[in-house]
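This is what each chain is made of:
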Amino acid sequence: MNSIHIKYVDGGVTAPAGFKASGTFGGIRHSGDKSDMALVYSEKQGNVAAVFTKNKIQAAHIKVMKKFIQDGKAQAVLCNSGNANACTADGEDTAIKTCEMTAAALGIRTEDVMPASTGVIGVPMPIEPFERGIPALVSGLSASGSMEAATAIMTTDTLPKEYAVSFPIAGKNCKIGGIAKGSGMIHINMGTMLSFMTTDCAISAEMLDKALKTVIEDTFNQVTVDGDTSTNDTLAIIANGMAGNPEITSENEDFKAFCAALHEICIVFAKKIAGDGEGCTRLLEVHVTNAPTKEAARDISKTVVGSNLVKAAMFAADANWGRIIDAAGYAESDFSVDNIDVTIMSDKGELIVCRGTAAVPFSEEKAAEVLDREAVTVEIDLHDGTEEAYAWGCDLTFEYVRINAEYRT
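Because the structure is predicted, anything quoted here is derived from the model rather than measured.

(A) Structural detail: the sheet that holds strand 14 (residues 375-381). With mixed pairing, the six strands of this open sheet are ordered in space as 13-12-11-14-10-15. Both edges of this open sheet fall to strand 13 (358-359) and strand 15 (387-394), since each of them pairs with a single strand only. Relative to strand 13, strand 12 (residues 349-355) is paired through two bridges, and the arrangement is antiparallel. Residue pairing across strands places cysteine 354 opposite alanine 359, the latter belonging to strand 13. Along the sheet, helix 9 (residues 321-329) contacts strand 11 (341-346), strand 12, strand 13 and strand 14; its crossing angle with strand 12, the most-contacted strand, is approximately 60 degrees.

This is the structure in structure tokens:
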């Protein structure tokens, strides 16, 4: 899968052919300092796939989107920030109305508009901001509008998140682009993170769905910031086929190439979200190697990266490897704990802090130097198989508590 030539390209969600985007302030937020509505649009109807939160309580937009994409088709995404439209009495009706308004302005089917929301749960969603915002979004659509859209869907994010790659399929230059948001209430389990992706690769809805559900297992689903799975988690991708490649309809070499490119962009977004965790000072990556099963590797890595004690130690740049071993030990999967090695690493070097599930001498000063960086990796070698997996999170800081204590006030 990694043998194809995948390279970064500018343009984010509008990098693929035929896509435009925009962002605007409609008035959902109290202040106009930041936009609160985004629109992503394809010039032609495309095939679609999406995955959603496994939280039993789901935002209204998820229920509406699930209905709308049953035919495997879509042409636009309308997303607001500042209000989750979750646990509201008329949330679904409001979501449908916003889709009707957008469809009328674009001249497309209502069912081809995918609604999405992010923000505070339990607050009724007013329709007036959409009456003001949708005309501005449609008139502002641009092939260079990715950053505007990425900014509009942010909540507590400190930076907008966009990315795009190009890759060859059957002699055609295909692209996948996207935008994402996510900073807090992040314990992705799809099956408040949002990501909207676009591709000009021709691929059937069935194969698009298969690719998405395969790739997220080792990318988005391995991210945790605070252990809270949002009511709104949504990842959707539209494929409009405008690159001109023969449509991918089976699990052939072209499908593998598409999955490799999709995996690349999903890894980037996973790290961007984890590294922008609320109040964080460093990205934490946990890499489990030589595990008995892929499932065990995923479970252990995500359990360790989600441990509050590990996260707090990382904030202090403290090589308290006992917390790492402890977290690995309470992961639910079965594995041998008799011969575990733990290594910490960053751009300042690497240091073995545990060998054979036992203490080894190491320099605390060197360990602090390695850990006091913006990105840190913890390598856990189980010596109990051949499987591996990564998980991503961040440190736990005083600022995280402040942000979430004051989130509504």
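(B) Representation of the environment of histidine 287 in the model. Structurally, histidine 287 can be placed in strand 10 (residues 283-291). As for histidine 287 and serine 301, which are separated by 14 residues in sequence, their C-alpha atoms are 6.2 Å apart. Beyond its immediate stretch of four places on either side in the chain, histidine 287 contacts Val378, Glu379, Ile380, Glu388, Ala389 and Tyr390. Within the structure, the side chain of histidine 287 is placed 2.5 Å from the side chain of glutamate 388, a separation counted as a polar contact.

(C) Region of interest: unusual backbone geometry. One non-glycine residue, alanine 170, adopts positive backbone phi at about 50 degrees. Relative to the helices and strands, alanine 170 is located in the loop between strand 6 (161-169) and strand 7 (172-181). For alanine 170, a relative accessible area of 49% gives the class partly exposed. Of note, the phi angle at histidine 383 is positive, near 50 degrees, even though the residue is not glycine. Counting through the fold element by element, histidine 383 comes out in the loop between strand 14 and strand 15.

(D) The arrangement of the side chain of asparagine 232 in detail. Within the secondary structure, asparagine 232 is located in the loop between helix 5 (205-215) and strand 9 (234-239). A distance of 2.7 Å separates a polar atom in the side chain of asparagine 232 from the backbone oxygen of serine 117. Not counting the four nearest positions on each side in its chain, asparagine 232 is found in contact with Thr53, Ala59, His61, Ile62, Ala84, Ala86, Ser117, Thr118, Met193 and Leu194.

(E) Expanded view of the packing of helix 1 (residues 60-68) against helix 2 (residues 91-106). Across the interface, helix 1 lies against helix 2 with an axial gap of 8 Å and an inter-helix angle of 55 degrees. For the element pair helix 1 / helix 2, the angle class is oblique. When the axes of helix 1 and helix 2 are compared, the crossing they make is right-handed. Residues Ala60, Lys63, Val64, Lys67 and Phe68 of helix 1 form the contact with helix 2, whose participating residues are Gly91, Glu92, Ala95, Ile96 and Cys99. Considered class by class, the residues forming the contact of helix 1 with helix 2 number six nonpolar, one polar and three charged.

(F) Highlighting the pattern of salt bridges. Applying the stated criterion across every chain yields a total of 14 salt bridges. We note a salt bridge from aspartate 71 to arginine 109, for which the minimum N-O separation is 2.8 Å. With aspartate 71 in the loop between helix 1 and strand 4 (73-83) and arginine 109 in the loop between helix 2 and strand 5 (113-120), this pair connects stretches of sequence that are 38 residues apart. One connected set of salt bridges, linked through shared partners, spans Asp71, Arg109 and Asp112.

(G) Region of interest: the environment of leucine 382. Counting through the fold element by element, leucine 382 comes out in the loop between strand 14 and strand 15. Along the primary structure leucine 382 and valine 337 are separated by 45 residues, whereas in three dimensions their C-alpha atoms are 7.2 Å apart. Setting aside residues no more than four positions away along its own chain, leucine 382 makes contact with Val288, Thr289, Asn290, Ala291, Pro292, Ile300, Phe335, Ser336, Asn339 and Ile340.

Conventions we followed
- Residues numbered from 1 in each chain as written.
- Predicted model: local features only at pLDDT ≥ 70, side-chain atom pairs only at ≥ 80, totals over all residues.
- Heavy atoms only, no water.
- Pairing = 2+ DSSP bridges.
- Helix = DSSP H or I, 4+ residues; strand = E, 2+ residues; numbered from the N terminus.
- Contact = heavy atoms within 4.5 Å.
- Axes fitted to C-alpha atoms, helices over the stretch in contact; angles between N-to-C directions.
- Polar contact = N/O pair within 3.5 Å; in protein donor to acceptor, adjacent residues only side chain to side chain.
- Buried < 20%, exposed > 50% of the residue type's maximum accessible area, 1.4 Å probe, protein only.
- Parallel < 35°, antiparallel > 145°, perpendicular 65-115°, else oblique.
- Left-handed = near helix turned anticlockwise from the far one by under 90°.
- Nonpolar A, V, L, I, M, F, W, Y, C, P; charged D, E, K, R; others polar.
- Salt bridge = Lys/Arg side-chain N within 4 Å of Asp/Glu carboxyl O.

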